[in-house]
Amino acid sequence: MSAQNVITTAPLEPAQEIPGSTGGPGNSASGRRGAGPRSTRDTLRLGNILTTLILSIGAIVMIAPLAWTFSTSLKTKDGVFELPPQWIPDPFVWENYARIWTAGPLLTGIQNSLIVAGSVTIVGSLTSALAAFAFAKMRMPFKNVLFLGLLSGLMIPFPTLMIPQFTIFASIGWVDTLLPLIVPGLFGNIVMIFFLRQFLNSIPDSIVEAARIDGASYLQIFWTLILPAIRPALAAQFILWFMAMWNDYLAPIIYLNSPGTQTLQLVIANFNAQYAIQTDYPLIMAASFVALLPVLIVFVVFQRQIIESIALSGSKG
Amino acid sequence: MTTTTTGPRRSRLHRKEHQAALAFVAIPVIGFLLFTLFPLLFSVYASFTNWNGISAPVFKGLDNYTKMFGDRYFLQSLWNTLYMMIGIPIGLVISLGLALAMNRKMRGTTFFRTVYYLPVISSIAAVAILWQWAFNGDFGLINQGLALVGIDGPNWLQDTTTVKPALIIMAVWKGLGYSMLLYLAALQSVPRYLYEAAALDGATAWQQFRHITVPMVRPVTFFLIVTSIIGGSQIFVEINIMTPTGGPEFQSASVVWYIWQKAFDNLQMGYASAMSVVLGLLVFVITFIQFRLNRRNQFSID
């Protein structure tokens, strides 16, 4: 249930490459004074050093809570309460990371999250891509009405739908199974359909027409021409959707009660509630850190695609 | 009648195309009907009933709606939700500053982008847990930091005056990287010659910022304000994890948290539906304004 209902237009430049300073306010100010090229460069360098300094302080602030989590996760139960606080634990209790696997259904949580996020994003991406292809490149009656209808769904927040959805799934006995989390996603994702449709608009219609003349069916055209053509856009949207599903909390907390069916986010939230009473903070922090890791790894690996697609989908109003 | 020779043939081809296309869009359309339209209509219907989710709903007219605006917990949660949106302008100003800093030609910008972006992709559940720990009154990171400068920090999440600021601080931290990235993308598409021309005309750095940068990134600002309000109106996870009882004296309960509690803890499904319909209307209006104002440059049908 991602909340990022982002609307896009034509792709803008990838955010990855920062083309030199645009002569922002800071720089041009020095040039304005009519100083020679030499001193301009000096001012620029000084500006860069100052900027780096400020950004570094900010970066430390951004990273501190994560670092504090990691540090706490390696402390002893009593080490947490030591004053003054230690940033570097003494001793390092790596054992906390061994304890979490038996202290709660963490592994089951990871497994359940993988099942939900994996099945939804793989099947849902295909159904979304197929629909985007039809909306962008094929003729059909009521095309715009259908498309606008789907888009209007974006305006309705999940909390407004959750009570009836819960009732529906409860009436067919799906509560406390993963099905209520999986099944709606298999029908596709409107944000993704919109994004891929926009992307397909930049691909000429003639390739579809040529393939039709050659006698290919629409399914063949989709599989052999469209899917490869939209792969970069599809990959970016896939990753974003996967992360949104992986991090989802509201839908799981409504449907899942028993430890065996809970997703990772619920498992660590329960860790938090359960072990805070016993003040076992190292254990909680270790579990939280493990919960953060998969997404951090995905992000580091796919950083370029993620940043590009966020920059693409959000901006350019 | 010269077209009759090609007419039937072409229409048969078209019909085949129509059928294939309809089949391709059928899955999301059915999904929309089952999981969006039908629940929406049901929510609206349920909002006029007294319903516990188990026995049949009993029609009560506008009872839930009149009850809602006399319910001090609902009004409090509405106020809390609005209050916590103070973080939106704060976050925008900081992230524009960051984007300007990172838009310079210098080393390390990729590194900084990654660092500032990490909170955005981190799961909100894990982030809520680690901030709950950071806000711990005795041993939390925040109060440790404040102690360094001689301030005796409060017990953030248990104190009625600090619980909302605490949640705002966390929300700003979490969202900074996202808006920074969008601003950065916008800054990069500002034509360089605008600044050069302005500099030639003797515009100061502040004037350039005020009259070139700010107007050029206005669409992004608008987009961020609208999406942040929509997101902010649905704040839930942080509240549920960090202040499981709605905070001290209900000071951090949000609208969605209250809806959730009424529906699934108290089984007042009808009343909760009414509140969810009000929330939906609010989001609809905000989204509608966005579509209207940005229609020309955001998207077009065909």
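Residues numbered from 1 in each chain as written. Chains lettered and ligands numbered in written order. Predicted model: local features only at pLDDT ≥ 70, side-chain atom pairs only at ≥ 80, totals over all residues. Heavy atoms only, no water.

*Asks:* How should the packing of helix 6 (residues 124-134) of chain B against helix 8 (residues 163-188) of chain B be read in this particular structure?
*Replies:* Pairs of packed helices are described in terms of their axes, by the angle between the two and the distance that separates them. Residues and elements named next belong to chain B. Running from N to C, helix 6 and helix 8 point in directions that differ by 135°, and their axes come no closer than 11 Å. Looking at the two axes, helix 6 sits oblique to helix 8. Once helix 6 is placed against helix 8, the crossing between them reads as right-handed. Of the residues in helix 8, those in contact with Ile124, Val127, Ala128 and Trp131 of helix 6 are Ile169, Met170, Trp173 and Lys174. A breakdown of the residues in the contact of helix 6 with helix 8 according to their chemical character gives seven nonpolar, no polar and one charged. (Axes fitted to C-alpha atoms, helices over the stretch in contact; angles between N-to-C directions. Helix = DSSP H or I, 4+ residues; strand = E, 2+ residues; numbered from the N terminus. Parallel < 35°, antiparallel > 145°, perpendicular 65-115°, else oblique. Left-handed = near helix turned anticlockwise from the far one by under 90°. Contact = heavy atoms within 4.5 Å. Nonpolar A, V, L, I, M, F, W, Y, C, P; charged D, E, K, R; others polar.)

*Asks:* Would you mind showing me how to read the nonpolar core here?
*Replies:* What tends to happen in soluble globular proteins is that the nonpolar side chains get buried as a cluster. Formed by 179 residues in total, the largest nonpolar core has its most connected members in A:Phe133 and A:Ile254. Look past the residues within four positions of A:Ile254 in its chain and what remains in contact with it is A:Phe158, A:Met162, A:Phe166, B:Trp260 and B:Phe264. Core analysis: the next-biggest nonpolar cluster, separate from the first, contains five residues, B:Val190, B:Ala198, B:Ala203 and B:Ile212 among them. (Core = buried A, V, L, I, M, F, W, Y, C linked by side-chain atoms within 4.5 Å. Buried < 20%, exposed > 50% of the residue type's maximum accessible area, 1.4 Å probe, protein only.)

*Asks:* Is there a simple way to explain helix 10 (residues 218-229) of chain A in this structure?
*Replies:* Side chains three or four residues apart in an α-helix point the same way, a direct result of the helix having 3.6 residues per turn. Residue and element names in this part refer to chain A. Restricting attention to buried positions, one finds in helix 10 the residues Tyr218, Ile221, Phe222, Ile226 and Leu227. Buried residues along helix 10 cover an arc of 150° about the axis, so they all sit on one side. Opposite its buried face, helix 10 presents the exposed residues Trp223 and Thr224, each directed more than 90 degrees away. (Arc of directions from axis to C-beta.)

*Asks:* Explain the interface of chain B and chain A to me, please; I cannot follow it from the model alone.
*Replies:* You'll often see interface size given as the accessible area lost when the parts meet. Across the boundary between the two partners, chain B contributes 106 residues, which contact 116 residues of chain A. Roughly 10200 Å² of surface becomes buried between chain B and chain A when both sides are summed, with 74% attributable to carbon and sulfur atoms. Of all residues in chain B, B:Phe24, B:Phe35 and B:Trp133 give up the largest surface area on contact with chain A, accounting jointly for 8% of the area buried on that side. At the junction of chain B with chain A, the criterion picks out one salt bridge. Between B:Glu17 and A:Arg139 there is a salt bridge whose closest N-O contact spans 3.1 Å. In this structure, the connection of chain B to chain A is made through 16 residue pairs in polar contact (both at pLDDT 80 or more). (Buried area = accessible area lost by both parts, 1.4 Å probe. Salt bridge = Lys/Arg side-chain N within 4 Å of Asp/Glu carboxyl O. Polar contact = N/O pair within 3.5 Å; in protein donor to acceptor, adjacent residues only side chain to side chain.)

*Asks:* Is there a simple way to think about the side chain of B:Thr287 in this case?
*Replies:* Mapped onto the secondary structure, B:Thr287 falls in helix 14 (residues 269-298). Within polar-contact distance, the side chain of B:Thr287 engages the backbone oxygen of B:Val283 at 2.6 Å. B:Thr287 has contacts with A:Met155 and B:Ile230, leaving out every residue within four places of it along the chain.

*Asks:* Would you mind showing me how to read the side chain of B:Asp71 here?
*Replies:* Residues and elements named next belong to chain B. Residue placement: aspartate 71 occurs in the loop between helix 2 (63-68) and helix 3 (72-83). Buried charge aspartate 71 goes without a salt bridge, the closest partner of opposite sign being lysine 262 at 5.7 Å. The residues contacting aspartate 71, other than those within four sequence positions of it, are Tyr258 and Tyr271. (Lys, Arg positive; Asp, Glu negative; His and termini not counted.)

*Asks:* Help me understand the packing of aromatic side chains, please; the structure alone is not making it clear to me.
*Replies:* Each aromatic ring pair is characterised by the separation of its centres together with the angle its planes make. In this structure the tally under the stated criterion is 38 aromatic pairs over all chains. Aromatic side chains A:Phe133 and B:Phe24 sit 6.0 Å apart centroid to centroid with 35° between the ring planes, which places their arrangement in the tilted category. Within this pair, whereas A:Phe133 is found in helix 4 (residues 106-137), its partner B:Phe24 is found in helix 1 (residues 7-46), the two belonging to separate chains. As far as the burial class goes, A:Phe133 and B:Phe24 line up, both buried. A cation over a ring is seen here: B:Lys67 above B:Tyr271, with NZ or CZ 3.9 Å from the ring centre. One Lys or Arg, B:Lys164, reaches over the ring of B:Tyr83 and ends 5.2 Å from the middle of that ring. (Phe/Tyr/Trp six-rings, centres within 6.5 Å; stacked < 30°, edge-to-face > 60°. Lys NZ or Arg CZ within 6 Å of the ring centre and 35° of its normal.)

*Asks:* Teacher, can you tell me more about unusual backbone geometry here?
*Replies:* With the exception of glycine, the majority of residues adopt a negative phi angle, and the majority of peptide bonds are in the trans configuration. The phi dihedral of A:Phe142 is positive, around 60°, even though this residue is not glycine. For A:Phe142, the location among the structural elements is in the loop between helix 4 and helix 5 (143-152). The backbone of B:Leu267 shows a phi angle near 55°, a positive value even though the residue is not glycine. Its location among the elements puts B:Leu267 in the loop between helix 13 (255-265) and helix 14. Classification of B:Leu267 as partly exposed rests on a relative accessible area of 35%.

*Asks:* Looking at this structure, I do not really get the confidence of the model for chain A. What am I missing?
*Replies:* It should be kept in mind that the predicted coordinates are not to be read in detail where pLDDT is low. All names here are of chain A. Looking at chain A as a whole, the pLDDT averages 83, with 86% of positions reaching at least 70. Within chain A, the lowest mean pLDDT, 42, falls on helix 1 (residues 25-32), and the highest, 97, falls on helix 7 (residues 179-186). Scored below 50 in pLDDT, residues 1-35 makes 93 contacts in the model with residues more than four places away or belonging to other chains. (pLDDT = per-residue confidence, 0-100.)

*Asks:* Quick question: what am I supposed to make of the confidence of the model for chain B here?
*Replies:* Residues and elements named next belong to chain B. When the pLDDT values of chain B are averaged, the result is 89; 94% of them are 70 or greater. Note that pLDDT drops below 50 for residues 297-302; the model gives that stretch 22 contacts with residues more than four away or on any other chain. Scoring the predicted complex yields pTM 0.87 and, for the interface, ipTM 0.88.

*Asks:* Got a minute to help me understand a nonpolar patch on the surface in this structure?
*Replies:* Residues and elements named next belong to chain A. A surface patch of nonpolar side chains, about 500 Å² in accessible area, is lined by Leu46, Leu50, Leu53, Ile57 and Val61. Structurally, the position occupied by leucine 53 is in helix 2 (residues 37-73). On the basis of relative accessibility, which here comes to 52%, the residue leucine 53 falls in the exposed class. (Patch = residues over 30% accessible without salt bridge, like charges linked within 9 Å, V, L, I, M, F, W, Y side chains within 5 Å. Areas by Shrake-Rupley, 256 points an atom, 1.4 Å probe, with all protein chains shown as cover.)

*Asks:* How do you make sense of helix 8 (residues 190-201) of chain A when you look at a structure like this?
*Replies:* In this model helix 8 of chain A runs 17 Å from its N-terminal to its C-terminal C-alpha over twelve residues, within 8% of the 16 Å that 1.5 Å per residue would give. The backbone nitrogen of A:Val191 lies 2.8 Å from a side-chain oxygen of the residue at the head of helix 8 of chain A, namely A:Asn189. (Expected span 1.5 Å × (residues − 1).)

*Asks:* How should I be thinking about the pattern of salt bridges in this particular structure?
*Replies:* Think of it this way: side chains of opposite charge can pair up when their charged atoms draw near. Residues and elements named next belong to chain A. Under the defined criterion, the tally for this structure stands at four salt bridges over all chains. Here arginine 99 makes a salt bridge to aspartate 280, at a shortest N to O gap of 3.0 Å. You can see arginine 99 sitting in helix 3 (residues 95-103) and its partner aspartate 280 sitting in the loop between helix 13 (264-277) and helix 14 (281-314), a full 181 residues away along the chain. Look at arginine 99 and you get partly exposed, because its relative accessible area is 27%.

*Asks:* What is the right way to read the packing of helix 5 (residues 109-121) of chain B against helix 8 of chain B from this model?
*Replies:* Residue and element names in this part refer to chain B. Two elements in contact, helix 5 and helix 8, have axes whose closest approach is 6 Å; the angle formed by their N-to-C orientations is 125°. In terms of orientation, helix 5 lies oblique with respect to helix 8. For the pair helix 5 and helix 8, the crossing hand works out as left-handed. Across the interface between the two elements, Arg113, Tyr116, Tyr117, Pro119 and Val120 of helix 5 pack against Trp173, Lys174, Gly177, Tyr178, Met180, Leu181 and Leu184 of helix 8. Class assignment of the residues belonging to the contact of helix 5 with helix 8 gives a composition of nine nonpolar, one polar and two charged.

*Asks:* Explanation requested: the environment of A:Tyr281 in the structure shown.
*Replies:* You can see A:Tyr281 is positioned in helix 14. Separated by 205 residues in the primary sequence, A:Tyr281 and A:Thr76 place their C-alpha atoms 8.9 Å from one another. Residues in contact with A:Tyr281, not counting those within four places in the same chain, are A:Thr72, A:Val80, A:Phe81, A:Ala276, B:Trp133 and B:Asn136.

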